[in-house]
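Chain residues, written in single-letter form:
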2 protein chains.
Amino acid sequence: MNSKGRLYGIGVGPGDPELLTLKALRLLRTAPVIAYQSAIDKDSIARKIVSQYLSKNQVEVLFHLPRALEPEKAKSIYDQEVEPIAEHLAAGRNVVVLCEGDPFFYGSFMYLFTRLSDEYQTEVVPGISSLMACPVSLGVPFTYYNDILTVLPATLPTEMLTSHLLATDAAAIIKLGRHFGRVRDILHQLGLASRAKYIERATMTQQRIVPLDEVNPDDVPYFSMIVIPTKLKL
Amino acid sequence: MNSKGRLYGIGVGPGDPELLTLKALRLLRTAPVIAYQSAIDKDSIARKIVSQYLSKNQVEVLFHLPRALEPEKAKSIYDQEVEPIAEHLAAGRNVVVLCEGDPFFYGSFMYLFTRLSDEYQTEVVPGISSLMACPVSLGVPFTYYNDILTVLPATLPTEMLTSHLLATDAAAIIKLGRHFGRVRDILHQLGLASRAKYIERATMTQQRIVPLDEVNPDDVPYFSMIVIPTKLKL
């Protein structure tokens, strides 16, 4: 009888393959099965980040999912998508799931974790999140001392974004996409536009840093962030 | 004439030496000078994390600083502490500064960055922050979908902690130390105690996870965190 395989969710970081951790690399290289997701009709970014570390002997399991899917819809999709991974685990094969950034920080690995970790031994490896990578790529010290930091999805209503931006010391605004124009207007109204920095695809080869007022709101990718750094002068 | 040395601020992660990035390891191994800080009368945690990767040929520069020093006092200390590092850089030697967690996330490297990066070429390498490591070590999916995440230093006044905890979906409470008892009381009053998870020294060999109500408030170390994870069921 086979013993069960182990499930690993590994953060592969924001884009630069050198921002993988030593632990993620070790697990990646020794896993017989590698699983990853991609947006529908797109290549998997997570796989691209680690492609140089993969070997031809590894089985790859791909699942396609729309990005930013609401949880109720995602849950029913994952109830099915989990099956091929569960089969490998049941057959005794370890499976490494690649996660952009960090697995537990706005990461879809959590759907696999809740469905599989009771039955299979599961280990999660934290990864460099865009929350750390974006301020570093922008060259702006982010949070310090007694700062409050708030991470705000741009999908939230204007009133909620406004009240949180007024109450925090530093902020990261994520999931900008088609909400960018509205967010920029809010920042101008609150007098925060001069402190706010925009970056897209941090640490990837296509990284772009653009002054806030020069960003084309019709062309803001999913992988973008507005960083409002600490006011403290160090 | 020598050309100037380069300054590197590298995140060494939360404690597990395997959570170093490949980039941090490469820079660390090739640097002639390694600099790091420690709390007064204590060994440097950052140095301990990377000790197995250091060689005897590397010059080490240590600076002692009290933890959680207020910025005004820290600034005048750093105006002096920066000197030995500046001398190495001026003499053409590259200097790698070790930073626990991530350099720009509540990290004292920012004092060196503001004092040296105008004069010397500077590169910062993001690291695994405790913000990512603690939820992973606790095994709790942290933030998802449209969640607002707030990072709160426990040093803040009770009213401010309360209003932010009421307004957020997920939270990390840092810098607990002697504020732990007060924070726990707030969490009970707000009905958040059952969701809140406590961890100390995440990913270090001395990592401890303790139920919130069993923590001894007189014995809470600097490296501890309360994590309030997402309410979303995935």
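Residues numbered from 1 in each chain as written. Chains lettered and ligands numbered in written order. Predicted model: local features only at pLDDT ≥ 70, side-chain atom pairs only at ≥ 80, totals over all residues.

**Re the overall build of chain A**
The condition that has to hold: For the purposes of this entry, the term helix denotes a DSSP run of H or I that reaches at least four residues, the term strand denotes a run of E that reaches at least two, and both are numbered from the N terminus. Values of the radius of gyration come from C-alpha atoms, whereas the globule rule sets the reference at 2.2 Å times the count of residues to the power 0.38. Each residue is classified by how many other C-beta atoms fall within 10 Å of its C-beta atom, where C-beta atoms are placed from the backbone; a count of 20 or more means buried, 12 or fewer means exposed, and values in between mean partly exposed. C-beta atoms are placed from the backbone for every residue, and two residues are taken to be in contact when these atoms lie within 7 Å.
Within chain A one finds 7 helices and 10 strands. In summary, chain A has a C-alpha radius of gyration of 19 Å against a globular reference of 17 Å for 234 residues, a match within 12%. Principal-axis analysis of the C-alpha atoms gives chain A an extent of 65 × 35 × 35 Å. A buried classification covers 46% of the 234 residues belonging to chain A. When contacts within chain A are restricted to residue pairs at least 6 apart in sequence, those whose partners lie at least 24 apart make up 75%.

**A short note on the pairing of strand E10 (residues 224-228) of chain B**
Residue and element names in this part refer to chain B. Quick reminder of the rule: Pairs of strands are assigned from DSSP output, requiring at least two bridges between the strands.
With 5 of 5 residues buried, E10 is to be regarded as a mostly interior element. Direction of pairing for strand E7 (residues 170-174) relative to E10: antiparallel, over a ladder of 3 bridges. Bridge pairing in E10 places Ile 173 opposite Ile 226. Across 4 bridges, strand E8 (residues 197-200) lies against E10 in antiparallel orientation. Bridging from a neighbouring strand, Glu 200 pairs with Ser 224 of E10.

**Let's talk about the relation of the copies chain B and chain A**
Which entries qualify depends on this criterion: Here the copies are matched by least squares. The fit uses the C-alpha atoms of residues with pLDDT of at least 70 in both.
Superposition record for chain B on chain A: RMSD 0.0 Å, screw rotation 180°, translation along axis 0.0 Å. The symmetry that links the two subunits is that of a two-fold axis. Of the interface residues in chain B, 100% have counterparts in chain A that sit at the interface too, so the contact is made through matching surfaces.

**Remarks on the nonpolar core**
Selection criterion: In plain words, the nonpolar core is the set of buried Ala, Val, Leu, Ile, Met, Phe, Trp, Tyr and Cys residues that C-beta atoms within 7 Å link up.
With 136 residues, the main nonpolar core has Val 97, Leu 98 and Ile 173 of chain A together with Val 97, Leu 98 and Ile 173 of chain B as its most contacted residues. Beyond its immediate stretch of four places on either side in the chain, Leu 98 of chain B contacts Ile 10, Val 12, Ile 34, Tyr 36, Ala 46, Arg 47 and Val 50 of chain B.

**Topic: the pairing of E7 of chain B**
Residue and element names in this part refer to chain B. To keep things clear, this is the line we draw: Here the term right-handed applies to a crossover when the path leading from its first strand over the helix to its second strand runs clockwise, the strands being oriented away from the viewer.
E7 sits mainly inside the fold: 5 of its 5 residues count as buried. Of the two faces of E7, the one lined by Ala 170, Ala 172 and Ile 174 and the one lined by Ala 171 and Ile 173 are each fully buried. The pairing of strand E6 (residues 149-153) with E7 spans 5 bridges and is classified as parallel. Counted as the bridge partner of Leu 149 is Ala 170 from E7. Since E6 and E7 lie parallel, the crossover through helix H6 (residues 158-167) that links them has a hand, and here it is right-handed.

**So, the packing of helix H3 (residues 71-90) of chain B against helix H4 (residues 109-116) of chain B**
Residue and element names in this part refer to chain B. Put simply, the rule reads: Axis definition: a line fitted to C-alpha atoms, over the contacting stretch in the case of helices. Angles run 0 to 180 degrees between N-to-C directions. In this scheme the crossing of two helices becomes right-handed for a clockwise turn of the near helix relative to the far one and left-handed for an anticlockwise turn of less than a right angle.
Two elements in contact, H3 and H4, have axes separated by 9 Å at closest approach and are oriented at 65°. Between H3 and H4 lies a crossing of right-handed hand. Of H4, the residues touching H3 (which contributes Ala 74, Lys 75, Tyr 78, Val 82, Ile 85, Ala 86 and Leu 89) are Tyr 111, Leu 112, Arg 115 and Leu 116.

**Topic: the domain arrangement of chain A**
Residue and element names in this part refer to chain A. Filter applied, for reference: An automatic or database domain assignment supplies the residue ranges for each domain. By the convention adopted, Pro, Cys, Tyr, Trp, Phe, Met, Ile, Leu, Val and Ala count as nonpolar, Lys, Arg, Asp and Glu as charged, and the other residues, Gly among them, as polar.
When cut into domains, chain A gives domain 1 (7-125) and domain 2 (130-228). At the junction of the two partners, domain 1 supplies 8 residues and domain 2 supplies 9 residues. Its residues assigned to classes, the side of domain 1 that touches domain 2 shows 4 nonpolar, 2 polar and 2 charged.

**With respect to the sheet that holds strand E5 (residues 122-125) of chain A**
Residue and element names in this part refer to chain A. What the 5 strands build is an open sheet, ordered E3-E2-E4-E1-E5; its pairing is parallel. Both outer strands of the open sheet, strand E3 (59-64) and E5, are each paired with one neighbouring strand and no more. Within this sheet the neighbouring strands show an average axis-to-axis angle of 20°, counted without direction. With 4 bridges joining them, strand E1 (residues 7-11) and E5 adopt parallel strand pairing.

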